[in-house]
Amino acid sequence: MQGSLYQCLHNIAHVRNGDRVIERLFEDLLVIDAATFLAGPGAATVLGDFGATVIKIEPPEGDRYRTLKGSYGIDYNWLLTSRNKKSIAIDLKRDEGIQLVHDLVSNADVFVTNFIGEHITRYQYEYERLAEINPRLIYAHVTGFGTKGPDVERRSFDATAWWASSGLMEFVRDKDVKPVTSAPGMGDHATSMSLFSAIACALYKRERTGKGSYVSTSLLANGIWSNGMALQGVIAGMDIGARKQATGLRNPFSSVYETRDGAFVLFSIVNAAREWPSIARALDREEWLEDPRFSSISEIIAHRYELIDMTQARISELNLEELLPKLVEHEITHSHVKPMAEVVNDEQALANDIVVNAEPTSDDYPRTVMSPIAIGDEVKVNPQRAPDVGADSIEVLSKHLKRSADEIESLIANGVVYTEQQPISR
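Computed from a prediction, not measured in an experiment: that's the story for all the values here. (Residues numbered from 1 in each chain as written. Predicted model: local features only at pLDDT ≥ 70, side-chain atom pairs only at ≥ 80, totals over all residues. Heavy atoms only, no water.)

Some remarks on the pairing of strand β5 (residues 138-143)
Side chains on a regular strand alternate between the two faces of the sheet.
Phase 1: Of all six residues in β5, six are buried, a share of seventy percent or more.
Phase 2: Burial along β5 is two-sided: Ile138, Ala140 and Val142 facing one way and Tyr139, His141 and Thr143 facing the other are all buried.
Phase 3: Pairing geometry for strand β4 (residues 110-113) and β5, over four bridges, is parallel. If you follow Phe111 over to β5, its bridge partner there is Tyr139.
Phase 4: Two strands pair when backbone bridges link them, and β5 and strand β6 (residues 213-218) are joined in this way by six bridges, in the parallel orientation. When the bridges of β6 are listed, Val142 appears paired with Thr217. (Buried < 20%, exposed > 50% of the residue type's maximum accessible area, 1.4 Å probe, protein only. Helix = DSSP H or I, 4+ residues; strand = E, 2+ residues; numbered from the N terminus. Pairing = 2+ DSSP bridges.)

Set out below in structure tokens:
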């Protein structure tokens, strides 16, 4: 098939369904989310945003990710990552349960898992086994530290594999300050986008060859990629992180300053020689331009700590609403370090569908954070609340596995499948 990746993906449903109009890019894809926590399920979430049917495999007690409710007892983590999915709760300790997953795989397009080591063999999730069941299957595997090497079976989270093991945690800290922990899910979300990209590439390949693929990524690989600029510097003999720890390297043009009303503003200026006069004017301190200490970039570097202190002193005289217009007027590259309560109401985020409506009248899910990819005029699915454990077990058994009412009753009665109290259609 000729053309771009986008064209090939857009044609997937047309290849199967003739000239039928397709409303969503991936609406004819069946995705099995057999992963836990965040990075793997996050990739499945993006596929679901573009219309794929995503079936979440859970144990009868529910995915452990549901337990991260926070101090308020709200399962907001689950609401974000499991929207638009259908839950079937299967006891994978039973051979009948494993067979149900294999039967789902036989008609699936994508299988997502983060299982490693003995777990992947215990539940018979090996790529070779599933590829034999369905040669067109895209098997998407996300791990903490990769699929080879001494750490392959180490338990990991993004805080350990993405943040601490990649050098990021060490690089961002200041001299004589302990490294800080990462934001929850920060590395998982980045890694989920890499896995989604790998899946999209494999779908493109399948359109050309008719064959499925094994694709993978890891938290470690994505953390090192995120820290790539600094690490490439180390490779080239310039370890900026080590210099920072040794000397307390600080830059007045990439520092955080506090306003009179307790807000913080980040300067992020690359071309200091060009923007320095504008900074002085924006802060109403044109006399700084005549100061011999700041007459050139070399002099500024030599007196950088004095400039940082002077800049902080001036900004301390201004409230945030006074400072920001000045920086905008003089085109200073900056950002208000926004509290999270402001981010979810940010006009820019709302205007660009970065934060979108979900259930506007609900207390816990009025809006949600949308996946960060936009594809032409492809319309994403309106966010639907994440399912309860086994909420869709009967639907999945009936619609996707073609089980009869009697078979469904037997599976539930024997504890192979858990479900909410759904009516069984006959």
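Brief notes about the sheet that holds strand β9 (residues 334-336)
Phase 1: One open sheet holds the three strands; their spatial order is β7-β8-β9, and the pairing between them is antiparallel. Only two strands of the sheet have a single neighbouring strand rather than two, namely β7 (256-258) and β9. Strand-to-strand, the axes of this sheet are offset by a mean angle of 25°, without reference to chain direction.
Phase 2: By the bridge criterion, three bridges tie β7 to strand β8 (residues 264-267) in an arrangement that is antiparallel. Bridging across to β8, Glu258 finds its partner in Phe264. (Axes fitted to C-alpha atoms, helices over the stretch in contact; angles between N-to-C directions.)

Structural notes on the layout of surface pockets
Phase 1: Volume-wise, the second largest pocket comes out at about 1100 Å³.
Phase 2: Along the wall of the second largest pocket there are 32 residues; nearest its centre are Leu249, Arg250, Asn251, Ser254 and Ser255.
Phase 3: Counting only elements with at least two residues in the lining of the second largest pocket, the list comes to α13 (240-247), β7, α15 (297-302) and α16 (304-315).
Phase 4: For the lining of the second largest pocket, the class distribution of residues is 19 nonpolar, five polar and eight charged. (1 Å grid on protein atoms, 1.4 Å probe; cavity = no way out; pocket = protein on both sides within 12 Å on 5 of 7 lines; lining within 4 Å. Points joined across faces, edges and corners; volume = space filled by probe spheres on them. Nonpolar A, V, L, I, M, F, W, Y, C, P; charged D, E, K, R; others polar.)

Here we look at the environment of Asn352
Phase 1: Relative to the helices and strands, Asn352 resides in the loop between α19 (347-351) and β10 (355-357).
Phase 2: The sequence separation of Asn352 and Leu324 amounts to 28 residues, and the corresponding C-alpha distance is 22 Å.

Here we look at α13
Phase 1: Residues Gly241, Lys244 and Gln245 constitute the buried set of α13. Considered in projection along α13, the buried side chains sweep an arc of 95° and stay on one side of the axis.
Phase 2: At its buried positions, α13 is contacted by α9 (168-171).
Phase 3: With a side-chain oxygen lying 3.2 Å from the backbone nitrogen of Gly241, the N-terminal cap of α13 falls on Asp239.
Phase 4: Of the residues flanking the end of α13, it is Gly248, one or two places downstream, whose phi is positive at about 70°. (Arc of directions from axis to C-beta. Contact = heavy atoms within 4.5 Å. Polar contact = N/O pair within 3.5 Å; in protein donor to acceptor, adjacent residues only side chain to side chain.)

Observations concerning the packing of helix α20 (residues 393-400) against helix α21 (residues 405-413)
A pair of packed helices is captured by two measures, namely the crossing angle of their axes and the spacing between those axes.
Phase 1: Remark: α20 packs on α21, axes separated minimally by 10 Å, with the N-to-C direction vectors making an angle of 140°. It follows from the interaxial angle that α20 and α21 lie oblique. By crossing handedness, the relation of α20 to α21 is classed as right-handed. Seen from α20, the contacting residues are Ile394, Leu397 and Ser398; seen from α21, they are Ile408, Leu411 and Ile412. (Parallel < 35°, antiparallel > 145°, perpendicular 65-115°, else oblique. Left-handed = near helix turned anticlockwise from the far one by under 90°.)

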